[in-house]
Amino acid sequence: MIATFIRRNMRVLIPAAAFAILFSVYIGTHPRGLSSYVLTIWSNQTALLAFAALAQFFVVLVRGIDLSVGAVVALTNVVASHVLDGQTVPVFVGVLLVLGTGALCGLVSGLFVAFGRIPAIIATLATGAVYSGLALWLRPTPGGAVDEALSDALTYTIGPVPTSLVIILLIVVLGTLLLRRSTFGLSLYGLGSSEHSAELTGIDVRWTRVKAHALGGLCAGFGGFYVAMVTLTGDAGIAPAYTLNSIAAIVLGGVSLAGGAGTILGVVIGTMLLKTIAALMFFSGLPPLAQPFFEGLILAAAIAAGAFGILRVRNKLKLFSQ
Amino acid sequence: MTSTAPLIDLAGISKTYGPVRALSDVDFSVRSGSTHAILGENGAGKSTLMKLLSGAITPTAGEIRVDGRPVHFTSTRQASERGIVCMFQELSLMPSLSVGDNIVLARPGRNFGFVPGRAYREAKTTLERIGAGAIALDTPVHELTLAERQLVEIAKALYQKPRLLILDEATSALGASAVEKVFSVIRALRDEGCCVLFISHRFHEVEALADRISVFRAGSHIRTFPAGALTRDEIVALMIGQSMEELFPPPRPPVDAAAAPTLRLQDVSFGTELSDISFSVRPGEIYGLGGLDGQGQQRVPEAIFGTLSGVTGTIEIGGRRFERRSPFKAKGRDFAVAFVPEDRKTEGMIQPLSIEDNMRLAGLGLGGGKAAAAERDRRCRALLARLELVCGGLGDPVSSLSGGNQQKVLLAKWLALAPSCLLLLDPTRGIDVKTKAQIYRLLDDLAREGVAIVLQSTDYEELVHLCDRVAVFYGGRVARELAGETLNPENLISAAMGLSRNDQTGDAA
C-alpha cells in the first residue's frame, strides 16, 4: 500500500522532499530565522509566481505550452495599475476588469490553438507578442497607482500567517477539487493523456482545450493582479521572466511537459522550491547578475531529469497507446 | 425478442476516404434483443461500419435511422446519448487517469459538473459484473495489462447502459475464463433487450454468441442469415468470395534443404516480448510469422532490421554475423536486407513527398554514385509498372494514392535495392483483393529468384498458401512451427490461441 502510494506520487514527493530540505536550510541560515516577516516576503514572492505557474500548468496539462503567460501577467498588471487606483472605477469592478482581461487573453489563445489548428507554442508566441505590445502601449514606463488598502489586506498577514500563504492553500484545495472531482478537470487529464482516447470517450476535445487556455489566462490575470498588489505599480517589462519561470516551476513540481500528468500541489511545491532556491542564491553572496545563469541551469537540470525518465509516467503498454 | 421496428437501420450507406471506398451502398439493420456477428476479411469494411454507427465518422452518402428516425451523429457522445456505445479495437482509455475516472467520464452526470460518489460505486459494480472486481478503481490505467484494459474498456461501455453495444474484437487479449464471463454478461444484456453487434475473427466465439451473422466483403454487405444456417466452409466462401486458386500463386517446389540459410536467428530475445527465437530461412523460402496480435511476431522483423535496441542473441545474414545492428547497416551491401514496415502511413513513407522522392529514400546513403541511383530508379519504375501502379504521375504526393497503391510504392522502393533478404510486416492489411493477388505473385516470383522472405501476417490464408514454413507465436515464443501437411488453418488457429495438441483449455491471460 505505502509502496504503491510512494510510487504513484513520486512526482510530487521528490520535489516536496527537496523543498523541505532547502527551506530548512534557508530558514536556518537566514539572520532573522522563522519570523512572520521573513515568511511573508517569501510567501508573497511565491504567490506571484504560483499564479503564473498555474496558468502554465492548465495549458501544459492538455499537452500544450503557453509562451504568453508572462505577457498576460504583464498586461493584466498594467491594466490593474490603471483601474485599481480606487478612483477611476470602484475597486471590485477594477478587479473584475483585470481578471476578465486575463481570461479573455487565454480564451483568444485557446481559440487560435483549438480552432486554428496552430501548435500552442506558435499560437501563444504570437498572442503573447500582441499582449506584451499592448501592455507597453498602455504603460510605456513603470508607474500607476494601486489602492493601498486592498494591497495591505492581500500582502500582509492574518494573525501570524501571511495572507498570501492562505491564498495559496485555498488554491491548492479548490483547484484539486476542481481537477480531480469535476468532469472538466478529469477531461483535462484525459485530453492531455491521450487526445484520441478522449475523443472516443466523448469528450469535446476542442472546447476543453479552449477552456484550459481560458482558465490559464484567468490564473495569469490573478498573477498580474497580485503583482500590482505587491509592487503597487504596473510594469510592462516583467513578461519574459514570468514565462520562463512558470515553465521551470511546473517542471520542478513534477508536471509532465508531455501532458496528462501533474497536480496543483506539485505546481505549488515546484514554485516554492524555485523561489527558495532563488532566495538562497540571493543570500549566498552570488553576484545578482549571475543569478539568471544559475536559474537557467536549474531549469535545464529539471527538464533533463524529466528526459531521463526519472519522473516519467511509465506506460506498461507503450505499444498499444500509439 | 420480437420487437417489430429495427433498432438501427442503414440505407444506402457509403463511406469513401479519398479514392478508397471503405463501404459502398450498404443496407443493413439490427434488432433489439439479439446478438449479431459481423464477419469479413481485413478491409471488408467492418470497422468502418462500427465507426459510422458509433458516430466516430460520418457517412459520405446514405442514411442512418435509429428507431425509424434519421440521425446525423457528429461525435461518439451524440451516439452514446441515443444508447449506441462502441468498444473500439484501438482502446479508448486515457492512460494517466485512474480506472474509475475513465469509466465515469464515459457518462458525465449533471451535478454542476462534479462527479458524484455514486458514479464511482456504479463503476465498481459494473467491473464486478464482468468479473473484474479485482481491478481497483484508483489504479492508473497505464499500470494495467492489456487484458485488464480490455475488461475496463468493456466496463466503460456497459456503464453507459447501451441499447446497442458494439464490440470490435473486444476479447482478443482475454483468457478463456474471462471471455466466458464476458459472454455471459453479453447474453444477459441481450435478454434484457439490448442489441449486441460484434466483430470477431474467431469462429468458435461467433458460434458461441451470435444469433445472426452478417458477412461483409470489400465494403459491401453480402448476406445476413441466422446463426447455424450455413456451415463454416460456406461462411468462409462468402467472406473470401473468390476461390483460393485465383488469389494465390501455385505452390512452389520445396527449397533445397542443403542450401546454406540466408538468414539465421539463434536465441533472439527482446525484453518481455520475445524469448529465445531461433529459426533459419533458406534462399527461395517464404517463412511465415503468425499468431494473434501482439504475441511478439511483429517484433521479429524489426529486431532483424535493427530498429529495436536491446535485442540479444545472434543474427546471421548470408553466413555473416550481423552485429551492432542498425537499419542503415542492414540495407547496406554487406547484408542487403529490406524491411517493409507495418504502417505505411507513418513508418513506410513520407506522405506529402512525391512518389518519386519516396522511391529514392530507401537508396539514400548506399553510394555507387549516379549510375547506381539511376539503376535503382529504373528497377523501381519497372516494379511499379509490373504491379500496375495507378497514379496521376510520379510527381504526385504519396498521400494522393489509395492504400493498395501506396503499398505498391512501398514494396517497389525496397525491392529496387535488390535485397537478398526481405522482411514484411502484414503487407496486405486493408488492401483490395486484386492488389493482394499482385503482391502474392510478386513475392512468389522473388522467392523463385532466390530471395529469402520473412512474412508476418494476420491473414491465415496468406500464411497457409504462400509460405513454406510458418512459426506461430504465442506469448513471445514460437509455439509451433508448421510446414507441409501440418500447415493448415486449423493448426494455425489452435497454435495461435496457445492450444497445443493435447491441451484444449489454454488460457491466454
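What you see is a predicted model, and the numbers here were worked out from it, not measured in a lab.

Cut-offs applied
Residues numbered from 1 in each chain as written. Chains lettered and ligands numbered in written order. Predicted model: local features only at pLDDT ≥ 70, side-chain atom pairs only at ≥ 80, totals over all residues. Contact = placed C-beta atoms within 7 Å. Helix = DSSP H or I, 4+ residues; strand = E, 2+ residues; numbered from the N terminus. Nonpolar A, V, L, I, M, F, W, Y, C, P; charged D, E, K, R; others polar. Expected span 1.5 Å × (residues − 1). Buried ≥ 20, exposed ≤ 12 C-beta atoms within 10 Å, placed from the backbone. pLDDT = per-residue confidence, 0-100. Core = buried A, V, L, I, M, F, W, Y, C linked by C-beta atoms within 7 Å.

Buried accessible area, meaning the area lost when the parts come together, often serves as the stated size of an interface. If you look at the interface, chain A gives 26 residues, while chain B gives 26 residues. Ranked by residue count, the leading element in the side of chain A that touches chain B is helix α9 (residues 183-193) of chain A, at 7 residues. Grouping the constituent residues of the side of chain A that touches chain B by class yields 10 nonpolar, 12 polar and 4 charged.

Relative to the 21 Å expected for 15 residues at 1.5 Å per residue, helix α4 (residues 69-83) of chain A spans 21 Å between its end C-alpha atoms, a close match to the ideal helical length. Judged by how many residues are buried, α4(A) sits mostly within the fold: 14 of 15 residues are covered.

Another aspect to go through is the environment of Leu200(A). Mapped onto the fold, Leu200(A) is located in helix α10 (residues 195-201). When residues no more than four places from it in sequence are discounted, the contact partners of Leu200(A) are Ala56(B), Thr76(B), Phe88(B) and Ser92(B).

Bringing helix α14 (residues 369-386) of chain B into the picture now. Residues separated by three or four positions in an α-helix point in the same direction, a consequence of the helix having 3.6 residues per turn. In a regular helix each residue adds 1.5 Å, so 18 residues correspond to 26 Å; α14(B) covers 26 Å between its end C-alpha atoms and thus fits that length. Glu388(B), located one to two residues past α14(B), shows a positive phi value of around 55°.

Before going further, it helps to spend a moment on the confidence of the model for chain B. Residue and element names in this part refer to chain B. Per-residue confidence for chain B averages 85 on the pLDDT scale, and 93% of its residues sit at or above 70. When pLDDT is averaged over each helix and strand of chain B, the minimum, 65, is found for helix α9 (residues 244-247) and the maximum, 95, for strand β18 (residues 452-456). Across residues 501-509, confidence stays below pLDDT 50; counting only partners more than four residues off in sequence or on other chains, it has 16 contacts. For this predicted complex, the interface confidence comes out at an ipTM of 0.87, alongside a pTM of 0.76.

Our focus in this paragraph is the environment of Ile317(B). Residue and element names in this part refer to chain B. With respect to the helices and strands, Ile317 occurs in strand β14 (residues 311-317). According to the C-beta neighbour criterion, Ile317 is buried, with 23 such atoms within 10 Å. Counting along the chain gives 52 residues from Ile317 to Leu265, while the straight-line C-alpha distance between them is 8.8 Å. Apart from residues lying up to four places away in sequence, Ile317 is in contact with Thr262, Leu263, Phe322, Phe335, Val337 and Cys421.

Attention now goes to the nonpolar core. Counting residues in each nonpolar core, the largest one holds 153 residues, and the members touching the most others are Phe51(A), Phe58(A), Val73(A) and Ile166(B). At 14 residues, helix α3 (residues 36-61) of chain A tops the list of elements feeding residues into this core. Setting aside residues no more than four positions away along its own chain, Phe51(A) makes contact with Cys219(A), Ala220(A), Phe222(A), Gly223(A) and Tyr226(A). Formed by 71 residues, the second largest nonpolar core is a distinct cluster that contains Leu292(B), Val311(B), Leu417(B) and Ala452(B).

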